Amino acid sequence: MRPGRGRSRGGLGTLGRARRRLRDGRHDRDRERTVRQQPLTLLDRAQRVEMAAMEDPTFNRLLESARFGINSVHRLTSESVSVLSALLSMAATGGVLLTLSPLLLPLLVLIAAPRGWGAAITARRRRTSVMAWLQHLRASQLIAQLLTQTYTAAEIRVHAAGTFLLHHFEQMALASDAEQARLAAAAARTKIAASAASGLALAATFGLLGLLVSTGHLALAAAGTAGTAVVAVRTGAANVAGLLSSVNALFEEALYVGDLQTLTTEADARAIPTGGTDLPERPDALHVENVTFTYAGRSAPSLDKITLTVPTGRIVALAGENGAGKSTLARLLCGLYQPDSGTIRWDDVDTATADRAQLFASTVLLPQDFFHWPLTLRAVVTTGRPSHHDDARALAEAAEFAGMEALLQMQDRGWDTLAAKGFEGGVDFSGGQWQRIGTARTYLRATTAGADGRRPFLVIADEPTSALDPAAEVRAFDNLRRLAGQGATVLLITHRLAASASADLIYVLKDGRLVEQGTHEELMTADADQAGAGSYRTAYLLQAQQYATELPGPRPPIEPAERTGR
Ligand code: ATP
């Protein structure tokens, strides 16, 4: 080799390698981008669907199976390449066999077909199992989470809930192992049957090959030797088997990609509609007319032909026993669910066809089960108002409104304290402190405008003081009155009837029906009837009795021995 040529070849080789590396690098980056993008798209679709879809087990199962689909999209590409290369190899050996004898080709298919069939059966069985066991998988993941999360740690220890959960987890793992064993046994049986059938076909092929050689029908001149023919048959059979297995894998991955597409279609169909009729920024009143609503999976309606009006700028209290439908009505008012029948109007605009984004933008929701977001205090309080993330004044006002100052002073990092125990620098707060944090967020949202310029006027406070100390509770109700004084409509759901006493209007629900309405004074003079009238008065007096100054006679003092338990 001449040195000059050698150098030039070496140079070209290096260039080629560099180009290949560049191309592979670009391909990897594209792949990484898709890998990143697809879960994001999936999560984005999930957060846009209606509440009813989020509570639907079928939709949840679809969400889970679609997650497999994300990886399948990439595998689909590599399986397509495998199918293509198997086809090319087959074409090559097929050509050789065709030269030897056209009779060999169908026999080749007979050799490979049982293995292909076996692989297809096993894959289908696996897929059926995955779909049937998804719920099981989700449940065991949930149990594992419950066992390892900080928010469940106390109950797990004190109530020994860990033993119970662990037992269930173990049972589920055993059931899952049994299913895997069943699948493995079935796969082994299928494989034995397929291999036996394939072996028979191979024997028949070699028999035919022998016959062709002995009768001089095999074109040995073209093939070279009989050994070449044997190698060609074996290679051809391996190629067909490879092709069938790749087609099968392709088919399996395509099923999961199909799930991803089904989820996309389903999520789009169940997405919260965008656009719609404009809602007034400050309607005079919200009108609920003959509204009935039943949760999916329930037979009885949680709201039954409710008709009421919520005037703007007032405090309207919803009272009633547990499960009466108060929170459900609030969820419908803020657009989380749609009535099954009846209408909710803002002045004369039906919210069913209204722009839901406007509806949400006009509402502040402080739910009863306010989620303890594992974020910094700053992020929790400015959720939904990211533009105020660094607005020291707005944050200070919110803290003052919610009585959060002392809580903030106690933290070394103030607003940047991470409310996530178990993480580096993370802390947790008491129930009442969390309620104050929730109140601060409510205030910040209620007193500032969102990105679309709308400032919420409807404040829904569902049991906002259940964990507050008496002074904080009194202050919280005063503050809600202050918000109403600034023009907000406060929908107050509370079992503290002393607080609802100062509401402008009280609606009393019972078993999903509206049974009483009026001011506190009106309701306190209502006569009781079978339909539920008088229930407010009864409940109010019952609560008031607990604070009666005349306590039952003095109890005997506790003896020192009793105190120490000796
Ligand atoms: P409480 O005073 O206990 O908070 P509530 O008056 O707010 O009660 P809701 O939460 O509205 O009552 O519940 C009304 C009925 O609807 C209850 O029977 C409840 O079990 C049912 N329910 C509430 N939420 C759901 C849900 N997401 N799915 C199914 N049923 C629900």
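What counts, and at which threshold
Residues numbered from 1 in each chain as written. Predicted model: local features only at pLDDT ≥ 70, side-chain atom pairs only at ≥ 80, totals over all residues. Heavy atoms only, no water. Helix = DSSP H or I, 4+ residues; strand = E, 2+ residues; numbered from the N terminus. Buried < 20%, exposed > 50% of the residue type's maximum accessible area, 1.4 Å probe, protein only. Areas by Shrake-Rupley, 256 points an atom, 1.4 Å probe, with all protein chains shown as cover. Pairing = 2+ DSSP bridges. Axes fitted to C-alpha atoms, helices over the stretch in contact; angles between N-to-C directions. Contact = heavy atoms within 4.5 Å. Salt bridge = Lys/Arg side-chain N within 4 Å of Asp/Glu carboxyl O. Phe/Tyr/Trp six-rings, centres within 6.5 Å; stacked < 30°, edge-to-face > 60°. Lys NZ or Arg CZ within 6 Å of the ring centre and 35° of its normal. 1 Å grid on protein atoms, 1.4 Å probe; cavity = no way out; pocket = protein on both sides within 12 Å on 5 of 7 lines; lining within 4 Å. Points joined across faces, edges and corners; volume = space filled by probe spheres on them. Near = heavy atom within 4 Å. Polar contact = N/O pair within 3.5 Å; in protein donor to acceptor, adjacent residues only side chain to side chain. Nonpolar A, V, L, I, M, F, W, Y, C, P; charged D, E, K, R; others polar. Core = buried A, V, L, I, M, F, W, Y, C linked by side-chain atoms within 4.5 Å.

Peer 1: Break down the overall build of the chain for me, citing the residues and quoting the values.
Peer 2: Along the chain, the regular secondary structure elements total 20 helices and 10 strands. Each of the 566 residues in the chain was classed as buried or not, and the buried ones make up 39%. Approximately 31500 Å² of the chain is accessible, and the part contributed by carbon and sulfur atoms is 58%.

Peer 1: Let's hear about the sheet that holds strand 6 (residues 363–366): which residues, and what values?
Peer 2: Reading across the sheet, the six strands line up as 6-7-8-3-9-10 and stay open at both edges, with mixed pairing between neighbours. With one partner strand each, in any of the chains shown, strand 6 and strand 10 (513–518) form the two edges of the open sheet. Ignoring which end each strand starts from, the neighbouring axes of this sheet average 15° apart. Bridging between strand 6 and strand 7 (residues 458–462) involves four bridges; their strand directions are parallel. In the sheet register, Leu-366 faces strand 7, and the bridge partner there is Ala-461. Along the sheet, helix 15 (residues 431–446) makes contact with strand 6 and strand 7, crossing strand 6 at roughly 180°. Contacts between helix 16 (residues 470–485) and the sheet are confined to strand 3 (315–320), strand 7 and strand 8 (489–493), with strand 8 contributing the most and set at about 150° to the helix.

Peer 1: Describe helix 10 (residues 326–333), with residues and values.
Peer 2: Buried residues dominate helix 10, accounting for seven of its eight residues. Two residues or fewer after helix 10 comes Gly-335, characterised by a positive phi angle close to 85°.

Peer 1: So, the pattern of salt bridges: which residues are in play, and what are the values?
Peer 2: With the rule as written, the count across this model stands at 17 salt bridges. A salt bridge links Asp-56 to Arg-270; its shortest N-O distance comes to 2.8 Å. One end of the pair, Asp-56, is in the loop between helix 2 (51–54) and helix 3 (57–100); the other, Arg-270, is in the loop between helix 9 (226–269) and strand 1 (285–293), and 214 residues separate them in sequence. Here Asp-56 falls in the buried class, since its relative accessible area comes to 17%.

Peer 1: Please give an account of the packing of aromatic side chains that cites residues and values.
Peer 2: According to the stated counting rule, one finds nine aromatic pairs in the structure shown. Ring plane angle 75° and centroid distance 5.9 Å describe the contact between Phe-429 and Trp-434, whose orientation is recorded as edge-to-face. Overall, the relative accessible area of 9% leaves Phe-429 in the buried class. Taking relative accessible area as the criterion, Trp-434 reaches 1% and is therefore assigned buried. The lysine or arginine in question, Arg-127, covers the ring of Tyr-256, its NZ or CZ lying 4.8 Å from the ring centre.

Peer 1: Please set out the sheet that holds strand 2 (residues 303–311) residue by residue, giving values where relevant.
Peer 2: Here four strands make up an open sheet; going across it, the order is 2-1-4-5 and the pairing antiparallel. Only two strands of the sheet have a single neighbouring strand rather than two, namely strand 2 and strand 5 (349–350). Summarising the sheet, strand 1 and strand 4 (residues 341–346) pair through five bridges and their orientation is antiparallel. In the sheet register, Val-288 faces strand 4, and the bridge partner there is Ile-344.

Peer 1: Break down the layout of surface pockets for me, with residues and values.
Peer 2: One way to see where empty space is left: roll a probe the size of a water molecule over the atoms. A volume near 490 Å³ is recorded for the second largest pocket. Lining the second largest pocket are 15 residues; nearest its centre among them are Gln-149, Thr-150, Tyr-151, His-372 and Pro-374.

Peer 1: Summarise the site of the ligand; cite the residues concerned and give the values.
Peer 2: Near the ligand there are 15 residues, and of these Ser-302, Lys-326, Ser-327, Thr-328 and His-495 occur at the shortest range. Measuring from a nitrogen atom of the ligand, one finds a side-chain N or O atom of Arg-298 at 3.1 Å. Relative to its unbound accessible surface of 640 Å², the ligand loses 74% to contact with the protein. Of the residues belonging to the shell around the ligand, the class tally is two nonpolar, eight polar and five charged.

Peer 1: Break down the environment of Val-109 for me, with residues and values.
Peer 2: As for its placement among the helices and strands, Val-109 is situated in helix 4 (residues 104–132). Owing to a relative accessible area of 47%, Val-109 belongs among the partly exposed residues under this scheme. Separated by 89 residues in sequence, Val-109 and Ser-198 place their C-alpha atoms 9.6 Å apart.

Peer 1: Give me the environment of Gln-141: which residues, what numbers.
Peer 2: Looking at the secondary structure, you find Gln-141 in helix 5 (residues 134–148). Judged by relative accessible area, Gln-141 falls into the partly exposed class, the value being 37%. When the C-alpha positions of Gln-141 and Phe-169 are compared, they lie 8.8 Å apart, and in sequence the two are 28 residues distant.

Peer 1: Kindly report on the nonpolar core, identifying the contributing residues and their values.
Peer 2: Across soluble globular proteins, nonpolar side chains show a tendency to be buried alongside one another. Grouped together as the largest cluster of nonpolar side chains are 46 residues, with contacts concentrated most on Met-404, Trp-415, Ile-437, Leu-483, Val-490, Ile-506 and Tyr-536. Listed in part, the 32 residues of the second largest apolar core include Leu-303, Val-316, Leu-333 and Ile-493.

Peer 1: Pulling in residues and values, what's your account of the side chain of Thr-190?
Peer 2: Within the secondary structure layout, Thr-190 lies in helix 7 (residues 161–214). By relative accessible area, which is 6% here, Thr-190 ends up buried.

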